[in-house]
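Reading the structure
The lines below spell out each chain.
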Amino acid sequence: MIYADNASTTKMSITAINAMLPYFDNIYGNPSSLYAFGQEAKEALEDCRARVAACLNCEPREITFTSGGSEADNQAIISAARFGAKKGKKHIISTAFEHHAVLHTLKALEKEGFEITLLDVHTTGLVTPEQVRDAIRDDTCLVTIMFANNEIGTVEPIKEIAEVCREKKVVFHTDAVQAVGHVKVDVQEQNIDMLSISAHKFHGPKGVGVLYAKKGIPLTSVINGGAQERGKRAGTENIAGIAGMTAALEEACKNIDENAAKTIPLRDRLIAGLDKIPYGELNGTLEKRLPGNVNFCFEGIEGESLLLLLDDKGVCASSGSACTSGSLDPSHVLLAIGRPHEVAHGSLRLTINEEFTEKDIDYIIEAVTDVVTYLRNMSPFWRDLVNGARPHVFAK
Amino acid sequence: MALYSEKVMDHFRNPRNVGVIENADGVGEVGNPVCGDIMKIYLKIDNDVVTDVKFETFGCGSAIASSSMATELIKGKPVSEVLQLTNKAVVEALDGLPAHKLHCSVLAEEAIKKALKDYYDKNGIEYDRSLFPDCDGCEHCCGQ
């Protein structure tokens, strides 16, 4: 099997697994307990907080552990919105291709009376600092723009966007779930006020994440109960998960350049190979792109049947077609970069990592080429495109 | 549990009757590219019997499997019987489809009916118009 869906989730690293094990049996105490056995767990928790903070270049008290990226996104946005509303500011800026954890939270706030501006991401999948500057108003309380897109892997000019926000005194949050551990993230150097992380995207465990919030930004609790995480996130801490995440984060950050140097040539080999398939096109710019992300649209075929046949050939991938998204419309990300419905249904995302070989890449290229050709041969839509009854979307 | 039954996967992996019939007696196409599925059915009819049938489908796994199964169900059958084909029969023959995929079986039924209607129209044969829903609006599809 070739697992080419690493943007969906990753295999845990041995380092992360080993870091978790002591907290299942030896050090299983509750960090809130007074006795030494509980305090041992508390120490481990605070040690992890300091190490995560070091990876992001912030202070330990600016780190809140959550159940994952979605919770961190929810809490960041709700906190900034409540903070803004107290000062009469109820305008939020974001982009059209954010993760649903952001978009659906914004939708809920819109129902409460907040005004939301979603910036265009162009055909490149990039938003510019100038767009953000133009959109900021006197009543803007938050700008939330993802660090890197989960489907097409485009990496936004976060430092420059955040600089505009800092200058305009607007809180800046970034959903960095796809970026952390894969591209350099430094909250001080990049002027970031709030940031969301999910452990299982960088070989850590599922069900654990981080919300970084710069001191001075008050957090609103979204999980109410006990006084854990300085009263901002109730619930007994997932120590094993936090320990696994911390180890995985340190490992990923330490090897970030080395991993990128291995992955980028493989990614580009895959892109070059798939680009030979006629009437297909890469989604999102090649220049500003995560090291492991490849995303194509192919005319005349539908994504779900493509994935099922690739699965038969041992390749795990994903698609933004309606049939795989569980809704009637294809991926909002592909629509946001201007792909028409009919080609958005024929999309394929392959997300690789440093462990791939050229042989794996060549196998994927051959498998995708074969399956696309096979499906096109039974597609009346493709027949119409070939004989000119319908216009092609792509030039070649 | 897998998304699809073994029957669906079998008809998806090894679709029966894929292709085109040149000079077909009836052709029916339903769906559109915006919605992500198009089915096209070709019928050869001799003495009121469907002697051959072929299909082409652009769509998901269940759309391809539904087309394949539907062609199997009508091949060699008299036209009067083919007219009775329902999407339910296609679903049952496939050992079920997930709820959000049922529209694929509806498309298969509609494509076959549209091909029959084409056959009647081409040959000037009188028929009960109420048996043929107007598919042009494609109500199962996404908003365009």
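None of these values were measured; they are calculated from a predicted model. (Residues numbered from 1 in each chain as written. Chains lettered and ligands numbered in written order. Predicted model: local features only at pLDDT ≥ 70, side-chain atom pairs only at ≥ 80, totals over all residues. Heavy atoms only, no water.)

**Structural notes on the overall build of chain B**
Short version of the rule: A run of H or I in DSSP counts as a helix once it spans at least four residues, and a run of E counts as a strand once it spans at least two, with each numbered from the N terminus. Atoms counted for the radius of gyration: C-alpha only. Globule rule: 2.2 Å times residue count to the power 0.38. Here, residues are in contact when the closest pair of their heavy atoms is within 4.5 Å. Surface accessibility in these figures is a Shrake-Rupley result with a 1.4 Å probe; residues are shielded only by whichever protein chains are displayed. We count Lys and Arg on the positive side and Asp and Glu on the negative side, and we leave His and both chain ends out. Charged groups are reduced to one reference atom each: NZ for lysine, CZ for arginine, CG for aspartic acid, CD for glutamic acid.
For chain B, the helix and strand inventory stands at 5 helices and 3 strands. Taken against the 2.2 N^0.38 rule, which gives 15 Å for 144 residues, the C-alpha radius of gyration of chain B at 14 Å falls within 12% of a compact globule. Nonlocal contacts in chain B, meaning residues at least 24 apart in sequence, comprise 60% of its contacts between residues at least 6 apart. By element, 47% of the accessible surface of chain B is carried by carbon and sulfur atoms, the whole surface being about 6400 Å². If you average the places of the 15 positive and of the 23 negative side-chain charges in chain B, the two averages end up 3 Å apart.

**Examining the packing of helix α9 (residues 303-312) of chain A against helix α1 (residues 6-13) of chain B**
For any two helices packed against each other, the geometry is given by the interaxial angle and the distance between the axes. Filter applied, for reference: Between N-to-C directions, angles cover 0 to 180 degrees, with each direction set by a line fitted to C-alpha atoms, over the stretch in contact for helices. Here the word oblique covers every angle except those under 35 degrees (roughly parallel), over 145 (roughly antiparallel) and from 65 to 115 (roughly perpendicular). In this classification, the charged set is Asp, Glu, Lys and Arg, the nonpolar set is Ala, Val, Leu, Ile, Met, Phe, Trp, Tyr, Cys and Pro, and all remaining amino acids, among them Gly, are polar.
Viewed as axis vectors pointing N to C, α9 of chain A and α1 of chain B meet at an angle of 95 degrees, and their least axial separation amounts to 11 Å. The pairing of α9 of chain A with α1 of chain B is recorded here as roughly perpendicular in orientation. Contacts between α9 of chain A and α1 of chain B involve S305, L308, L309 and D312 of chain A on the former and, on the latter, M9, F12 and R13 of chain B. By residue class, the composition of the contact of α9 of chain A with α1 of chain B is 4 nonpolar, 1 polar and 2 charged.

**With respect to the interface of chain B and chain A**
We count it as follows: Buried area is understood as the total, over both parts, of accessible area removed when two parts are fitted together, assessed with a 1.4 Å probe. Whenever Lys or Arg places a side-chain nitrogen within 4 Å of a carboxyl oxygen from Asp or Glu, that contact is recorded as a salt bridge.
With 28 residues of chain B at the contact, the number on the chain A side is 23 residues. Buried area between chain B and chain A, summed over both chains or domains, comes out near 2100 Å², and the portion from carbon and sulfur atoms is 63%. Counting the contacts that link chain B with chain A gives 4 salt bridges. Here R390 of chain A ties to E29 of chain B by a salt bridge, and the two come within 3.4 Å at their closest N and O atoms. Elements supplying a minimum of two residues to the side of chain B that touches chain A: α1, β2 (37-46), β3 (49-58) and α2 (61-74) of chain B.

**A word on the sheet that holds strand β5 (residues 140-144) of chain A**
All names here are of chain A. Note the threshold: For two strands to be treated as a pair, DSSP must find no fewer than two bridges joining them.
Read from one edge of the open sheet, 7 strands run β2-β8-β7-β6-β5-β3-β4, paired in mixed fashion. Each edge of the open sheet carries a strand with a single partner, namely β2 (63-66) and β4 (115-119). In this sheet, adjacent strand axes meet at a mean angle of 20 degrees when their direction is disregarded. Sheet analysis places β2 next to strand β8 (residues 209-213), joined by 4 bridges and oriented antiparallel. Across the sheet, residue T66 finds its bridge partner in β8, namely G209. Docked against the sheet, helix α2 (residues 36-56) engages β2, β7 (194-198) and β8, running at close to 115 degrees with respect to β2.

**Examining the pattern of salt bridges**
Residue and element names in this part refer to chain A. Test applied: Each residue is assigned to one of three classes by its accessible area relative to the maximum for its type, calculated with a 1.4 Å probe on protein chains only: buried under 20%, partly exposed between the two thresholds, exposed over 50%.
Applying the stated criterion to the full structure yields 37 salt bridges over all chains. Note that K184 and D257 form a salt bridge whose closest N and O atoms lie 3.2 Å from each other. With K184 in the loop between β6 (171-175) and β7 and D257 in helix α8 (residues 256-274), this pair connects stretches of sequence that are 73 residues apart. Each member of the pair, K184 as well as D257, is classed as exposed. With its nearest N and O atoms 3.1 Å apart, the salt bridge here joins R390 to D384. Accessibility expressed as a relative area gives 22% for R390, which makes it partly exposed.

**So, the packing of aromatic side chains**
Definition in use: In this scheme Phe, Tyr and Trp rings, the latter by its six-membered ring, pair at centre separations within 6.5 Å, and the angle between planes marks the pair as stacked below 30 degrees, edge-to-face above 60, and tilted otherwise. Two conditions define a charge sitting above a ring: the NZ of Lys or the CZ of Arg must be within 6 Å of the ring centre, and it must be within 35 degrees of the ring normal.
Enumeration over the complete set of coordinates arrives at 6 aromatic pairs over all chains. Judged by centre distance (5.7 Å) and plane angle (40 degrees), the ring pair of Y119 of chain B and Y120 of chain B falls under tilted. Considered together, Y119 of chain B and Y120 of chain B belong to a single accessibility category, that of buried residues. Put simply, the rings of Y119, Y120 and Y127 of chain B touch in pairs and so form one group of aromatic residues. Here the guanidinium or amino end of K90 of chain A rests over the ring plane of F114 of chain A, the centre of that ring lying 5.0 Å away. The aromatic ring of W382 of chain A is capped on one face by R376 of chain A, whose charged end is 3.9 Å from the ring centroid.

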